[in-house]
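Residue-level listing of the chains:
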Protein chains: 2
Amino acid sequence: MNNYQPLLQLFLSHLENYTSNLKTKLPTELYEPENYILNLGGKRLRPLLALIAIDLFDKDPKLALNSALSVELFHNFSLLHDDILDAAPLRRNQPTVHTKWNTNIAILSGDVMMVKAFQVLENYNNDEFKQLNVLFTKTAIEVCEGQQLDMNFETANLVTVTNYIEMITKKTAVLLGCSLQMGAISASTDLETQSNIYEFGKHIGIAFQLLDDMLDAFATDKDKFGKQIGGDIIANKKTFLLLKAFELANDTQKQTLQNLALEKDNIKKVHHTLELFNALNVKNICGQEADIHTQMAINCLNKINANTQKKNNLKQFAFELLNRKI
Amino acid sequence: MNNYQPLLQLFLSHLENYTSNLKTKLPTELYEPENYILNLGGKRLRPLLALIAIDLFDKDPKLALNSALSVELFHNFSLLHDDILDAAPLRRNQPTVHTKWNTNIAILSGDVMMVKAFQVLENYNNDEFKQLNVLFTKTAIEVCEGQQLDMNFETANLVTVTNYIEMITKKTAVLLGCSLQMGAISASTDLETQSNIYEFGKHIGIAFQLLDDMLDAFATDKDKFGKQIGGDIIANKKTFLLLKAFELANDTQKQTLQNLALEKDNIKKVHHTLELFNALNVKNICGQEADIHTQMAINCLNKINANTQKKNNLKQFAFELLNRKI
């Protein structure tokens with residue numbers, strides 16, 4: 001991460017410049033929420049990836065600043081609307097926009113933010129603008145589809161591991177790939193290079209989400225992880241672990257899993273579910289699946305013709321992301 | 001309108017082709033609502049304007065079909081989200097999307113529809129694509145701002161006639177101008193021509209909305225108009241008429257207007273408000289304001305270098321729109 005501090009700072013200045021202009025824009029009900037959510041912080045992973053990608057090809061990172069801003073605006077738009085869908089009261093320990101203002105303002109200010117995610121690309125020349133837009137619309141649609149699939153899974157009876165991988169790919173992974181590819185487009189790279197860096201980001205994103213599922217169930221250091229252990233289990237969330245467990249379980253174990261879904265005692269619920277997960281070896285299987293995607297990502301990165309040191313830095317950064325907590 | 005039947009049919013075939021592809025798209029929760037709202041009917045005014053504009057310059061209207069589809073998708077996206085904001089149970093006498101499905105699905109399927117409004121422009125060459133996008137994002141943001149201003153007016157104490165004109169310009173008029181200009185861009189016209197046709201559409205849109213306010217208060221033939229006479233008065237809607245009445249009223253008349261806002265007997269409320277409107281001559285003032293915008297529109301149209309017969313047809317069409325009911 002330290003390698004990328006200058007890139008992060010570059011983006012943060014650009015974002016600061018953008019948000020300071022929001023303060024005087026009218027009607028305030030539309031632009032204050034945008035300013036608010038953009039200032040809630042976060043790792044700025046997606047815009048950073050856009051800048052890392054252009055830097056990988058030894059081009060001036062400034063050329064990708066508006067691509068970076070675009071993905072950050074889109075990401076925050078999706079958080080804003082997802083918080084309505086999830087009826088989430090808090091985001092980064094602050095009230096969500098629909099809580100602080102109201103749902104109508106959250107819908108409409110989100111809509112504007114999405115349009116602006118397109119608008120900030122207008123400084124690119126016509127060819128790059130078109131390439132960026134084609135990628136961006138495809139990705140934006142997939143992110144919405146991923147969110148809908150995630151909502152569907154809550155009530156669906158039959159969800160397979162394959163369905164789950166599709167959902168996390170669309171909901172999370174494609175935007176990481178898109179961020180990197182937008183940086184590569186801003187660097188005027190060829191289509192094959194763009195495809196490789198996109199696939200690198202996508203597979204890292206899938207691996208990241210699988211490891212996130214594992215962390216939720218198996219992290220031992222509560223403070224390090226910062227969330228309640230077993231939150232997904234308590235919420236009956238259809239994670240890779242649970243879906244794989246159902247896939248491998250015998251009839252008795254299936255019945256136990258079904259009974260545990262109704263268990264009111266959360267400590268007991270988490271404990272017995274983890275026992276079953278261990279018996280069925282799903283932690284290792286999930287880890288192996290994550291490893292496969294990590295390896296696919298690395299293979300794609302290796303194919304890219306770019307500065308070797310910078311490729312190693314990016315590999316290192318990806319491993320840090322993946323190994324952050326276990 | 002009869003002049004434009006072939007253009008309308010051309011668009012309806014294109015739309016039919018688009019919506020038939022939605023039927024098999026997954027997840028169905030995202031694409032069924034899109035198909036549903038696009039098939040609720042309507043005059044298809046905006047896409048028709050895009051086709052009329054390209055035809056005005058003797059270019060093949062087929063070249064503007066995706067521009068036409070784009071504005072129709074955006075318009076329906078905005079209806080879908082506005083129906084949530086307004087908690088409207090019905091749209092064209094059918095259940096609104098958030099009523100037929102639910103609010104979450106309405107938010108997310110609207111989001112996808114907006115992205116697709118951008119995506120359907122991708123068949124244009126890079127130069128036209130950029131021009132179309134720059135216009136489209138600007139307009140989309142204004143439409144959202146107009147909707148927010150309209151919501152703000154419901155509870156605002158001080159709204160001026162100038163504020164009102166800004167609101168209807170953004171909420172309604174700019175998308176008509178945009179539709180025409182997108183047709184003109186698809187016809188590869190110069191910027192001055194594009195600007196004139198945009199302004200023509202914008203001013204017709206403002207005039208249309210002002211006449212709509214008058215109709216709501218003064219239409220005598222209920223069936224012809226199809227809505228309850230005085231609906232705006234009953235709802236205390238801050239129309240041009242009411243705002244102008246407040247502007248011109250003496251202290252006693254102001255007090256009467258304020259009292260009427262609280263009047264529970266709707267027949268009495270409409271009757272006395274109309275008496276005051278007549279005393280203050282606001283119907284005529286509103287008509288004059290509409291005439292000014294109509295004249296501005298015609299001046300812009302006259303400046304355009306295009307087929308005279310087709311210009312006359314468009315003028316005729318605009319007058320039919322404006323004089324539809326009074």
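See above for the structure.
So, here is what we can say about the structure in this document. (Residues numbered from 1 in each chain as written. Chains lettered and ligands numbered in written order. Predicted model: local features only at pLDDT ≥ 70, side-chain atom pairs only at ≥ 80, totals over all residues.)

1. A short note on the overall build of chain A
In terms of helices and strands, chain A carries 16 helices and two strands. What you see for chain A is a C-alpha radius of gyration of 21 Å, in line with the 20 Å of a compact globule of 326 residues. Counting only C-alpha atoms and orienting by the principal axes, one finds that chain A spans roughly 60 × 50 × 35 Å. Within the span of chain A, comprising 326 residues, buried residues form 48% of the whole. (Helix = DSSP H or I, 4+ residues; strand = E, 2+ residues; numbered from the N terminus. Rg over C-alpha atoms; globule rule 2.2 N^0.38 Å. Buried ≥ 20, exposed ≤ 12 C-beta atoms within 10 Å, placed from the backbone.)

2. Describing the relation of the copies chain A and chain B
For the match of chain A to chain B, the screw axis carries a shift of 0.0 Å, the RMSD comes to 0.0 Å, and the turn is 180°. The superposition of one copy onto the other is thereby described by a two-fold rotation axis. Rotation axis and chain A: the residue whose C-alpha lies nearest the axis is A:Asn126, separated from it by 2.7 Å. Interface residue correspondence from chain A to chain B reaches 100%, placing this contact among same-surface, isologous pairings. (Least-squares fit on C-alpha atoms with pLDDT ≥ 70 in both. Contact = placed C-beta atoms within 7 Å.)

3. Describing unusual backbone geometry
Across the chain, the bulk of peptide bonds are trans and the bulk of non-glycine residues have phi less than zero. Each neighbour pair has its own omega, and for A:Leu26 with A:Pro27 the value is -5°, a cis peptide bond. Among the structural elements, A:Pro27 can be located in the loop between helix H1 (5–22) and helix H2 (28–38). Backbone geometry places B:Ala87, a non-glycine residue, at a positive phi of 50°. Structurally, the position occupied by B:Ala87 is in the loop between helix H4 (65–85) and strand S1 (90–91). A tally of 11 C-beta atoms within 10 Å means that B:Ala87 is categorised as exposed. The residue B:Asn93 is not glycine, and still its phi comes out positive at about 65°. If you trace the backbone, B:Asn93 turns up in the loop between S1 and strand S2 (94–95). In this structure B:Asn93 comes out as exposed when scored by C-beta crowding, with 7 C-beta atoms within 10 Å.

4. Points about the interface of chain A and chain B
A common way to state how big an interface is: give the accessible area lost once the parts meet. Every contact between the two is made by 33 residues of chain A and, on the other side, 33 residues of chain B. Elements supplying a minimum of two residues to the side of chain A that touches chain B: H2, helix H4 (65–85), helix H6 (103–119) and helix H7 (126–155) of chain A. Here the element with the most residues in the side of chain A that touches chain B is H7(A); it accounts for 16 residues. For the side of chain A that touches chain B, the class distribution of residues is 17 nonpolar, nine polar and seven charged. (Nonpolar A, V, L, I, M, F, W, Y, C, P; charged D, E, K, R; others polar.)

5. Description of H1(A)
Residue and element names in this part refer to chain A. Under the 1.5 Å per step criterion, the end-to-end length of H1 is 26 Å for 18 residues, consistent within 8% with the ideal 26 Å. Looking only at H1, the buried set comprises Leu7, Leu10 and Phe11. Buried residues of H1 fall within an arc of 90° about the axis and therefore sit on the same side. When the buried face of H1 is taken as reference, the exposed residues oriented beyond 90 degrees from it are Gln5, Pro6, Gln9, Ser13, Glu16 and Ser20. Where H1 is buried, its residues contact helix H3 (45–56) and H4. (Expected span 1.5 Å × (residues − 1). Arc of directions from axis to C-beta.)

6. A few points about helix H8 (residues 161–186) of chain A
All names here are of chain A. For H8, which comprises 26 residues, the first-to-last C-alpha distance of 36 Å matches the rise-based estimate of 38 Å (1.5 Å per residue) to within 8%. Taken as a whole, H8 carries its principal kink of about 45° at lysine 170. In the stretch just after H8, serine 188 is the one whose phi turns positive, near 55°. (Bend = angle between axes of the 7 residues up to and from the residue.)

7. Points about the environment of A:Asn163
Along the chain, the position of A:Asn163 falls in helix H8. Remark: the alpha-carbon pair of A:Asn163 and A:Leu149, spanning 14 residues in sequence, is separated by 8.6 Å.

The analysis is restricted to geometry; functional conclusions fall outside its scope.
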